[in-house]
Amino acid sequence: MVERAGAIDVHGLWKIFGPEERRLSAPPVDEPSAAFRARTGSTIAVRDLSFSIARGEVFVVMGLSGSGKSTLVRCLTRLIEPTFGELRLDGEDVRAMDERRLRELRRRTVSMVFQHFGLLPHRRVIENVAFGLEIRGEPKGERLRRAEEMLDLVGLSHVAASYPDQLSGGMQQRVGLARALAVDPEVMLFDEPFSALDPLIRRDMQAEVKRLHREQGRTMVFITHDLAEALKLGDRILVMREGAAVQLGTPAEIVGAPADDYVADFVRDVPRSHVLTLRWVMRPLAPGEPAGDGPAFSAETVIRDALPAAAASEAPLRVFEGGVVVGLVERGRILGLIAGAGEPAAGASESV
Amino acid sequence: MGVATAAAERARLGRPSRRLLLALLAGGAALLWVVFRGTGTLPHDEGSPVFSALNELRAWIDANRATNPVLVLLIDVVRGAIDLLVTTISDLLHAIGWPGVTLGMGALAYALAGRRIALIVLAGFLAFGVLGLWEESIDTLALTLASVVLSLLVGFPLGILAGRSDRFHAAILPVLDVMQIMPTFAYLAPLVLFFLIGPASAAIATAIYAIPTTIRITALGIRGVPETTIEAARSLGATPFQVLRRVQIPMARRTLVLAINQTMMMALAMVVITALISAPGLGASIITALQKVNVGSAFQAGLAIVIMAIVLDRLTAGAADRAEREDRSGRTRDEAARRRIVIGVLAVGLIAVLLSLLSGIGDDWPKALRFSFVKPVNDLSDWVKTSFYDLTTGLKDLVTYGLINPLQAVLVSAPVWLVIGTVAGLALLASSARAAVVAGSALLAVALLGLWEHAMITLASTLIAAAITLGAGLLLGIAAARSDRYAAAQRPFLDAAQTMPAFVYLLPALALFGPTRFTAIVAAFIYAAPSVIRLVEDGLRGVPAGVVEAATSSGTTPRQLLWKVQLPMSRASLLLAANQGIVLVLAMVVVGGLVGGGGLGYDVVAGFSQRTEFGKGLAAGIAIVLLGVMLDRVTQAAGARRDELHAAHGA
Ligand SMILES: Nc1ncnc2c1ncn2[C@@H]1O[C@H](COP(=O)(O)OP(=O)(O)OP(=O)(O)O)[C@@H](O)[C@H]1O
Ligand SMILES: [Mg+2]
């Protein structure tokens, strides 16, 4: 994986929509969102968010409709102006940037893919892909060459001369993806890019994003309200409700240890054995305890993949990490987890 | 009956229904009229101090025109620049001459809108010559084009601003509303006051009339660009100007061309009216003919105006269609081939223009190729008038003696306070307290202007015309909503009626009824009915099919369906139809001052032609605006949907 810049630090971020925004001098930390709205008529769309995204990480933001996901992601490049809080990109203070620097940031460093594509219907596909380069004033030959490259990357070279409305939804979103890639950004923001697509195409597109991430290693912030998508793509997942963070953790943490009923509700239908690894169900080996001779697995093995072996073996599974046995997994624990009884022993997610 | 429902019933009875209040208001007003009639009236006073004050204002402006810096600026800079624009276009078209203009416009039409429309344009320009009105047509065309340029210069930037800024949009909408309910007649006099008679005043008046449309449609187009697309451009670091240049304007292209189309139609309609302040062209021919009651020669000029309207409409609408087709399907494969043909056609047109210019043929259309409708139409008009004398006179007398005269007598003999009170009460019941205050104040101002009696005469005609228009419009609208076949048959007539300049409506009325107040009412009916019919039909057809189906399935008769479902559910459209019908009727009743309509309209016309009457004419213009405001407010319940109508009612 290529090491790239693109770390994002957010601290105490607030966004308030409505007339109250300009009146406030400090965030209404003590007032619940509903009470605030009832009192002022203004909406707290993002409420006191803090998190850091590492370089090359895929950071997924999840939540129900209206929970403030789109607002959050737009605040990152100040397409929506945050009300309070700190915002840093590779250490540089985004909120202190002037218009010119901000445009520079959007032109070169951060690019975005939208749910409804936002393509220009009066331009050919290739010109759409080259649009970002045109905006930043690159010569025509150069930008068309680059756009062709990008179309190649997303497998659309054959429709370069078509107009967007001649393409299917999935193809249009590939154009949106190519347009965002064309400026060679360090960070890519996705606002529910695939929710307008049908399930099969969506799976293709998810694979596409995964592939691009594997090959290019860009930092990605990915908004979705589809849990399966979040689990498939995310290194970490931030769950939001009414603008505030409810939980931030790895997919396993979210599924294995939901922070509250809201998150639990989200993950209820996920087969946990498909997400959780053996680490989640193993019993740490007590010092001096014999490991036995059960089948051996790495700690990162997804439980589902260990099921046949567990079914066939009377002895507990041995869980290895760094070449040594760190724990044992008894069959009963796996069955208990699948049945949904009892919480797994280990793992508390990052508190937020 | 439960306690709760009984309480609700009492509460309902406690607040008398609006219908009851209206009946009380009508009854009370009638009673008061019987008791107080003839007292507290304001008979017309030629020597009103307002008139002389306005005359003095004019004298002062005339005296200081050369010295007062503001006036100098207006006259020298604004008037000078606009005059230059108009005369340049006009001189150029006249110098090119008829063969060049005809072929050049044909070539242009081919390039912009395709072969079919090029043929229409060619035929139209040939028709101007055949009618023997080439020179007048070119004058009208030049003034229209100059006014459109002016309107677009002002309207596009403001429309774009209104499209991009919610604040500016909210601020400018009420201004546009006021501009659009002002009867066109009203602002000619003040313009003349500042800019004198001439092309500049005519072009400015026309631009004032057309600009609201330009701004509205432009803003609509810019606002129609999806937010996501704009956001996508911003996310790529586009500057606001880049967003405008590369996203909003190209994506709104079709609507912007439509804005040009509508601006042009509005401009043409108004250019014809500016003949009242001595603008040359077809309007002048019509006015001369109208004043001589020469129906044939008015028809000749009217026909030329209609042809010009069709030519300009098809040309710009065709260009808009092409813009849309290109946006949708992308340029076709044989793009290059077509471009070569277009360039060829344009080259031929250019050569024709140059040859025609060098030959110096000018406006000299061959005499042998002319055809005049003057005599046949006059003969026809005379024949109709004599053959149907009983019918037309009967109808005219019926309405005049049966409706106009009695209503006029009531209004003129009623005490001023009673009229104002009744109107304010109506506004209160029909709309709101604020509407009542505005409507009452408007009438009070009319009284203060010294034009009460004339205003009541105009009001009487307007109310009668509005009643006829609304009644007939409702029936025809219902018919159209219930029968697709009838609607299809009626539509071309409505389309035609809505693209025609206002003066044209006077012609058939004049041909049938001669110069009377009734003529103005008929013209107003023809002018306003299409909008009313459209709105009624749209409203009824807008009732969701599901609701109609549910009612039908529970066994309603078509009649019950209409009365119990469709009419109540389309209440908003019906109210809007009433509001627009009345405002449009007023505008036309006033124009009827040209053909014996009397009242305020006549005062305005007299103000243009006689210097001593200037003050009264100007005051009458203001009084017309006030009447318009009053009528609009009283029927304002539907005002919120006015925008839609302006989109629907082209010219
Ligand atoms: N421009 C705006 N003005 C006022 N309120 C807004 C604006 N944009 C968003 N909101 C409000 O802020 C809250 C968060 O909206 P946001 O669009 O960020 O939610 P979301 O999580 O992206 O929802 P969805 O899944 O439907 O896209 C909502 O209550 C919304 O109504
Ligand atoms: Mg969203």
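Everything numeric here is computed off the predicted structure, so don't read it as measured data. (Residues numbered from 1 in each chain as written. Chains lettered and ligands numbered in written order. Predicted model: local features only at pLDDT ≥ 70, side-chain atom pairs only at ≥ 80, totals over all residues. Heavy atoms only, no water.)

For chain B, the helix and strand inventory stands at 30 helices and 0 strands. A compact globule built from 651 residues would reach a C-alpha radius of gyration of about 26 Å, and chain B, at 27 Å, matches this within 12%. Taking the principal axes of the C-alpha coordinates as reference, chain B spans close to 85 × 60 × 60 Å. Per-residue burial over chain B gives 51% buried out of 651 residues. Taking contacts inside chain B between residues at least 6 apart in sequence as the whole, the part at least 24 apart equals 83%. A total accessible area of about 28800 Å² is found for chain B, and carbon and sulfur atoms account for 68% of it. The centroid of the 50 positive side-chain charges in chain B is displaced by 7 Å from the centroid of its 39 negative side-chain charges. (Helix = DSSP H or I, 4+ residues; strand = E, 2+ residues; numbered from the N terminus. Rg over C-alpha atoms; globule rule 2.2 N^0.38 Å. Buried < 20%, exposed > 50% of the residue type's maximum accessible area, 1.4 Å probe, protein only. Contact = heavy atoms within 4.5 Å. Areas by Shrake-Rupley, 256 points an atom, 1.4 Å probe, with all protein chains shown as cover. Lys, Arg positive; Asp, Glu negative; His and termini not counted. Charge placed at Lys NZ, Arg CZ, Asp CG, Glu CD.)

Turning to the domain arrangement of chain B, a few remarks are in order. When the parts of a complex come together, some accessible area is lost, and that lost area is often used as the size of the interface. Residues and elements named next belong to chain B. Domain annotation of chain B identifies domain 1 (15-44 + 390-650) and domain 2 (55-378). Measuring from the centre of the C-alpha atoms in domain 1 to the corresponding centre in domain 2 gives 30 Å. With 37 residues of domain 1 at the contact, the number on the domain 2 side is 37 residues. Here domain 1 meets domain 2 over a buried area of about 3300 Å², counting both sides, of which 77% is carbon and sulfur. (Domains from an automatic or database assignment. Buried area = accessible area lost by both parts, 1.4 Å probe.)

This part covers the site of ligand 1. Residue and element names in this part refer to chain A. Surrounding ligand 1, one finds 13 residues, the nearest of these being S65, G66, K69, S70 and T71. Here an oxygen atom of ligand 1 sits 3.2 Å away from a polar atom, N or O, in the main chain of S67. Relative to its free-state accessible area of 630 Å², ligand 1 is covered by the protein chains to the extent of 59%. Sorting the residues of the shell around ligand 1 by element identifies β2 (43-53) and α3 (69-76) as the ones contributing at least two each. (Near = heavy atom within 4 Å. Polar contact = N/O pair within 3.5 Å; in protein donor to acceptor, adjacent residues only side chain to side chain.)

Hydrogen bonds between backbone atoms are what pair the strands of a sheet, whose relative direction is either parallel or antiparallel. Residue and element names in this part refer to chain A. The sheet built from 4 strands is open, its strands ordered β11-β14-β13-β12 with mixed pairing. The open sheet has two edge strands with one neighbour each: β11 (283-284) and β12 (296-298). Both β11 and strand β14 (residues 324-329) contribute to a ladder of 2 bridges, which runs antiparallel. Its bridge partner lying in β14, R283 is registered against L328. (Pairing = 2+ DSSP bridges.)

Glancing now at unusual backbone geometry. In the Ramachandran plot, D90 of chain A falls in the positive-phi region, its phi being about 50° despite a non-glycine side chain. As for its position among the elements, D90 of chain A is in the loop between β4 (84-89) and β5 (92-93). At L196 of chain B, a residue that is not glycine, the phi angle is positive and equals roughly 65°. Structurally, L196 of chain B can be placed in the loop between α9 (188-195) and α10 (199-223).

Once that is clear, we can look at the pairing of strand β8 (residues 219-224) of chain A. Residues and elements named next belong to chain A. Here β8 lies mainly inside the structure; 6 of its 6 residues are buried. The alternating pattern of β8 places T219, V221 and I223 and M220, F222 and T224 on opposite faces, both of which are buried. With 5 bridges connecting them, strand β3 (residues 58-63) and β8 associate as parallel partners. Each residue of the ladder has a partner; that of F59, found in β8, is V221.

All names here are of chain B. Close contact between helix α11 (residues 227-235) and helix α12 (residues 240-251) brings their axes to 10 Å; oriented N to C, the two are set at 160°. Classified by the interaxial angle, the pair formed by α11 and α12 is roughly antiparallel. Both α11 and α12 take part in a crossing whose hand is right-handed. Along its contact with α11, which presents T229, I230, A233 and R234, the element α12 presents V243, V247, Q248 and M251. Here the contact of α11 with α12 is composed, by residue class, of 5 nonpolar, 2 polar and 1 charged. (Axes fitted to C-alpha atoms, helices over the stretch in contact; angles between N-to-C directions. Parallel < 35°, antiparallel > 145°, perpendicular 65-115°, else oblique. Left-handed = near helix turned anticlockwise from the far one by under 90°. Nonpolar A, V, L, I, M, F, W, Y, C, P; charged D, E, K, R; others polar.)

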